[in-house]
Amino acid sequence: MKNIIRLERKLKNFKLSRRLQTLLDTLEKEGFFLRVIPKNGNFSEYVDYVLQNKRDLMPEVKYTENHLLKEDSWGEILVVENEGKIVASFGPNRIEKDKKEKMRARPGYFTVLPKFRKKKIGTVLWWVGLERMKKMGASYIECSVEKENLPALKIYLGSGMNE
């Protein structure tokens, strides 16, 4: 069994930093662009991306087969594109009430293709996703991650998430 860590962060005081805006500007200069596919949007490019990269996106393949191909989306998906192709994604992201009636952010799958890692794409994608979920009304975010997934842990902990 995999060792899973549950992380949480309040979003009340969360805001994008100037450093993040600088990173986003740098990525854009390098030809990377962030785009949002809304919950009721056209997911055909995302579906193609997932199916063409099955080896690296196994959880996304299951979601795509069980939901998107049946026109059932849980929420918006953020994507990063380079040369007209998706190279990273974060979603589907949604907001829902918890047992105490607080609005909780429920982040979806978070992946950067191996060829595009170590360029801060994941950091930008995660932080922009947190900002969007806060604007959707979430008061906190909860997620789970494998203890061995050090790149994701670094991003999550760097954004102020705690066990």
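Each remark here, short or long, concerns the structure printed above.
Predicted model, so just to flag it, every value in this text is computed and none were measured.

K.L.:
I'm lost on the overall build of the protein chain in this one. Help?
P.N.:
In terms of helices and strands, the protein chain carries five helices and seven strands. Each helix (α) and strand (β) of the protein chain, taken in turn from the N terminus, gives the series β-α-β-α-α-β-β-β-β-α-β-α. The C-alpha atoms of the protein chain give a radius of gyration of 15 Å, which matches the 15 Å a tight globule of 163 residues would have. Principal axes of the C-alpha set define a box for the protein chain whose edges measure 40 × 40 × 35 Å. Taking all 163 residues of the protein chain together, the buried fraction comes to 45%. Sequence-distant contacts in the protein chain: of pairs separated by 6 or more residues, those separated by 24 or more amount to 68%. For the protein chain, the computed accessible surface area is about 10000 Å², with 49% contributed by carbon and sulfur atoms. Of the charged side chains in the protein chain, 33 are positive and 22 negative; the average position of the first set lies 5 Å away from that of the second.

K.L.:
What's the story with helix α2 (residues 44-52) in this structure? I'm lost.
P.N.:
Since one α-helical turn is 3.6 residues long, residues separated by three or four positions face the same way. Among the residues of α2, those classed as buried are Y46, V47, Y49 and V50. Angularly, the buried residues of α2 cover 160° about the axis, an arc narrow enough to put them on a single face. Where α2 is buried, its residues touch β2 (32-37), α3 (58-66), β3 (76-82), β4 (85-97) and β6 (109-112).

K.L.:
Where do I start with the packing of helix α4 (residues 121-135) against helix α5 (residues 150-158) in this structure?
P.N.:
The axes of two packed helices give the description: the angle between them and the distance between them. Closest axis-to-axis distance for the α4/α5 pair is 10 Å, and the angle between their directions is 45°. Taken together, the axis directions place α4 and α5 in an arrangement best described as oblique. For α4 against α5, the interelement crossing comes out right-handed. When α4 is examined against α5, the residues G122, T123, W126 and W127 are found in contact with a partner set consisting of I155, Y156 and G158. Partitioned by chemical class, the residues of the contact of α4 with α5 number four nonpolar, three polar and no charged.

K.L.:
Hey, could you run me through the packing of aromatic side chains in this one?
P.N.:
Given two aromatic rings, one states the distance between the centres and the angle between the planes to describe the pair. Under the defined criterion, the tally for this structure stands at nine aromatic pairs. Summarising the aromatic geometry, the rings of F14 and W127 are spaced 5.3 Å apart at their centres and angled 40° between planes, so their arrangement reads as tilted. Remark: W127 occurs in helix α4 and F14 occurs in the loop between β1 (4-10) and α1 (18-29); sequence separation between them is 113 residues. The two residues F14 and W127 agree in class, both being buried. Ring geometry for Y63 against Y109: centres 6.1 Å apart, planes inclined by 55°, an arrangement best described as tilted. With a gap of 46 residues between them, Y63 in helix α3 and Y109 in strand β6 connect regions that are remote in the sequence. Accessibility expressed as a relative area gives 2% for Y63, which makes it buried. Taking the relative accessible area as the measure of exposure, Y109 reaches 26% and is therefore partly exposed. Each member of the aromatic cluster is reached from another via a ring pair, and the members are F90, F110, W126 and Y156.

Rules used in this analysis
- Residue numbers run consecutively from 1 along every chain, following the written order of its sequence.
- Local features in a predicted model are, by the rule used here, given only for residues with pLDDT of at least 70; side-chain atom pairs are given and counted only at 80 or more, and totals for whole chains, interfaces and linings are based on all residues.
- Here the side-chain values reflect all heavy atoms present in the structure, with hydrogen atoms and water set aside.
- Numbering of helices and strands runs from the N terminus, with a helix taken as a DSSP run of H or I at least four residues long and a strand as a DSSP run of E at least two residues long.
- Only C-alpha atoms enter the radius of gyration; for comparison, a globular chain is expected to reach 2.2 Å times N to the power 0.38, where N is the number of residues.
- To sort residues, take the accessible area from a 1.4 Å probe on protein chains only and compare it with the maximum for the residue type: under 20% means buried, over 50% means exposed, and anything in between is partly exposed.
- Contacts were defined at the residue level, with two residues in contact if any of their heavy atoms lie within 4.5 Å.
- Under the convention used here, a 1.4 Å probe and the Shrake-Rupley method define accessible areas, while residue burial counts only the protein chains that appear.
- His is not counted here, nor are the chain ends, while Lys and Arg score as positive and Asp and Glu score as negative.
- Lysine's charge is taken at NZ, arginine's at CZ, aspartate's at CG and glutamate's at CD.
- In this description, one arc is meant: the one made by directions from the helix axis to the C-beta atoms.
- To get an axis, fit a line to the C-alpha atoms, keeping to the stretch in contact for a helix; angles then go from 0 to 180 degrees between the N-to-C directions.
- Note on terminology: angles under 35 degrees are roughly parallel, angles over 145 are roughly antiparallel, angles of 65 to 115 are roughly perpendicular, and the others are oblique.
- Each crossing is labelled by how the near helix is turned from the far one, with a counterclockwise turn of less than a right angle marking it left-handed and a clockwise turn marking it right-handed.
- Three categories are distinguished: nonpolar for Ala, Val, Leu, Ile, Met, Phe, Trp, Tyr, Cys and Pro, charged for Asp, Glu, Lys and Arg, and polar for the others, with Gly belonging to the last.
- Working definition: a ring pair exists when centres of Phe, Tyr or Trp rings (six-membered ring for Trp) sit within 6.5 Å. Plane angles under 30 degrees give stacked, over 60 give edge-to-face, the rest tilted.

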